[in-house]
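# Structural characterization, general
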Amino acid sequence: MSDTTLRVGLVGYGLAGSAFHAPLISTTPGLSLAAIVTADPGRRAAAAAAYPDARIVERAEELWADPGELDAVVVASPNRTHAPLARAALEAGLAVVVDKPLTRTAAEGEELAALAAERGLLLTVYQNRRWDGDFRTARRLIESGELGRVLRLESRFDRWRPVPKGGWRESGDPADAGGLLYDLGSHLVDQALQLFGAATEVYAEVHTRRAALTTDDDVFVALRHAGDVRSHLWMTALAAAPGPRLRVLGDRGAYVKYGLDVQEDALRAGRRPTEPGWGEEPPAAHGVLTDAEGNERVVPTEPGAYQEFYAGFAAALRDGGPAPVDPAGSIAALRVLEAARRSAEHGEVVRL
């Protein structure tokens, strides 16, 4: 492909589209945000004001009608629409980014991956939490051997939202693939698989705690990986006092980190990755490494770098290199999430 700017269409302008995709696409060298799809009048006005050079349309079908105007499409719409919209984009000959979770089921994900391979098109998944500063730091410590042989990962997304916000993410309709298991579990499971490889056993506890809610809002998932590493993953909307974001235990030391990556709040506040100090955490939030003798050392957190996803996507689309996220990894995570649902329903360990 030539060195010309690659034109990207964005389907969806809710939180995912407006905060996590549009700012990154528009600030990535080699990409331009050429079109935005949203049926909501307020969101159309906001998109037009923020991105005056982008074409604002109401329906995704308007993009497929003239696919030669675009090079790629980003699907950042509700989960139930991921598979049909990504399929339509691939059938129109366009490269595709799909927000996590890739699809509602692993089978749907496999079908999309097969279609992309058949058409010779790039398909990737926005697993942005691979570029969280805390995760990058933990991975560096693990790979350096400073923790020794890792025994257990404890990973949490604790939130305090006692009053439901409503919307499809809190819908009990299975077709919506809402609830925390799929919303936050898509990140936590993906990170665990990235660190320690495939899961061989899955155990889960999936609960609905808040009144009048019909989908899960309090979840625990335990994974066993090859080599007997264990991952214990928590996600809840009812943690008034959050636990550590990460605790990695090895036979030579431990790494403990509190507080969430700073990039989400920065994007919600309108900041951009092109600003100085992007993704950097205040020193007070840095984690602590404790060695085998009990000595503690503050470990500066690696800067978060969500912008690297779209830089990698642009390079892959332009030069034919690897996708920033191989869909196979996201499909593997979906298999784990499906196993977690079965485990919770039957109260047993599911072997993969």
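## A look at the nonpolar core
In terms of nonpolar packing, the biggest core is built from 103 residues, with Val-221 and Tyr-310 touching the most fellow members. Among the elements that make up this core, the one with the highest residue count is helix α11 (residues 327-346) (7 residues). Non-local contacts of Val-221, meaning those with residues more than four positions away in its chain, are made with Leu-181, Val-202, Tyr-203, Ala-204, Ser-231, His-232, Leu-233, Met-235 and Ala-340.

## Side note on the sheet that holds strand β11 (residues 246-250)
Consider a sheet: its strands pair through backbone hydrogen bonds, and that pairing is either parallel or antiparallel. Here 9 strands make up an open sheet; going across it, the order is β14-β13-β12-β11-β7-β10-β9-β8-β15 and the pairing mixed. Strands at the two margins of the open sheet, each flanked by one partner only, are β14 (296-299) and β15 (350-351). Here 8 bridges tie strand β8 (residues 199-207) to strand β9 (residues 218-225), and the two strands are oriented antiparallel to one another. Its bridge partner being in β9, Glu-201 is matched across the sheet by Arg-224.

## Quick look at the pattern of salt bridges
Side-chain pairs of opposite charge can arise whenever the charged atoms involved come near each other. This model, assessed by the stated rule, comprises 29 salt bridges. In this structure, the salt-bridge partner of Asp-134 is Arg-245, at a minimum N-O distance of 3.6 Å. Within this pair, whereas Asp-134 is found in helix α6 (residues 133-144), its partner Arg-245 is found in the loop between β10 (230-236) and β11, the two being separated by 111 residues in sequence. Residue Asp-134 is classed as buried on the basis of its relative accessible area of 1%. Using a relative accessible area of 2% as the deciding quantity, one classes Arg-245 as buried. Between Arg-341 and Asp-216 there is a salt bridge whose closest N-O contact spans 3.3 Å. Taken together, the residues span a long stretch of sequence, with Arg-341 in helix α11 and Asp-216 in the loop between β8 and β9 at a distance of 125 residues. Here the salt bridges do not stand alone but share partners, grouping Glu-201, Arg-224, Asp-228, Arg-230 and Arg-351 into one network.

## Details of the side chain of Asp-216
With relative accessibility at 6%, the residue Asp-216 sits in the buried group. In terms of polar contacts, Asp-216 uses its side chain to reach the backbone amide nitrogen of Leu-180, at 2.8 Å. A polar contact of 2.7 Å, which involves the side chain of Asp-216, links it to the backbone nitrogen of Leu-181. Residues contacting Asp-216, with those up to four places away along its chain left out, are Gly-178, Gly-179, Leu-180, Leu-181, Val-206, His-207, Thr-208 and Arg-341.

## What to know about the pairing of strand β12 (residues 253-257)
Burial within β12 is extensive, with 4 of its 5 residues counted as buried. When β11 meets β12, the two strands line up antiparallel, connected through 4 bridges. Its bridge partner being in β12, Leu-249 is matched across the sheet by Ala-254. Between β11 and β12, which follow one another and run antiparallel, lie 2 residues. Two elements, β12 and strand β13 (residues 287-291), share 4 bridges in a ladder whose sense is antiparallel. Of the residues in β13, the one forming a bridge with Tyr-255 is Leu-289.

## Brief notes about the sheet that holds strand β6 (residues 123-126)
Taken together, the 6 strands give an open sheet; going across it, the order is β3-β2-β1-β4-β5-β6, and neighbouring strands pair in parallel fashion. Each having just a single partner strand, β3 (55-57) and β6 make up the two edges of the open sheet. In this sheet, neighbouring strand axes are inclined to one another by 25° on average, regardless of whether the strands run parallel or antiparallel.

## Thoughts on the pairing of β14
Bridging between β13 and β14 involves 4 bridges; their strand directions are antiparallel. Bridge pairing links Thr-290 to Glu-296 in β14. Following β13, the chain reverses through 4 residues before pairing antiparallel with β14; Gly-294 in that reversal takes a positive phi of roughly 90°.

## Quick look at the environment of Pro-327
By secondary structure assignment, the location of Pro-327 is in helix α11. When the C-alpha atoms of Pro-327 and Gly-109 are compared, they prove to be 7.7 Å apart, with 218 residues separating the residues in sequence. Those residues within four positions of Pro-327 in sequence are excluded, and the remaining contacts are Leu-102, Leu-123, Thr-124 and Val-125.

## So, the packing of aromatic side chains
To describe a pair of aromatic rings, you give the distance between the ring centres and the angle between the ring planes. Scanning the entire structure with this criterion turns up 7 aromatic pairs. On the numbers, 6.5 Å between centres and 45° between planes, the contact of Phe-20 with Tyr-306 is tilted. You can see Phe-20 sitting in helix α1 (residues 15-27) and its partner Tyr-306 sitting in the loop between β14 and α10 (307-319), a full 286 residues away along the chain. For the pair Phe-20 and Tyr-306, one class covers both residues: buried. Within the aromatic cluster, the residues linked to one another by ring pairs are Tyr-126, Trp-131, Phe-309, Tyr-310 and Phe-313. Over the ring of Trp-234 we find Arg-156; its NZ or CZ atom is 4.0 Å from the centre of that ring.

About the thresholds
- Residues numbered from 1 in each chain as written.
- Predicted model: local features only at pLDDT ≥ 70, side-chain atom pairs only at ≥ 80, totals over all residues.
- Heavy atoms only, no water.
- Core = buried A, V, L, I, M, F, W, Y, C linked by side-chain atoms within 4.5 Å.
- Buried < 20%, exposed > 50% of the residue type's maximum accessible area, 1.4 Å probe, protein only.
- Helix = DSSP H or I, 4+ residues; strand = E, 2+ residues; numbered from the N terminus.
- Contact = heavy atoms within 4.5 Å.
- Pairing = 2+ DSSP bridges.
- Salt bridge = Lys/Arg side-chain N within 4 Å of Asp/Glu carboxyl O.
- Polar contact = N/O pair within 3.5 Å; in protein donor to acceptor, adjacent residues only side chain to side chain.
- Axes fitted to C-alpha atoms, helices over the stretch in contact; angles between N-to-C directions.
- Phe/Tyr/Trp six-rings, centres within 6.5 Å; stacked < 30°, edge-to-face > 60°.
- Lys NZ or Arg CZ within 6 Å of the ring centre and 35° of its normal.

These figures come from the coordinates and say nothing about function on their own.
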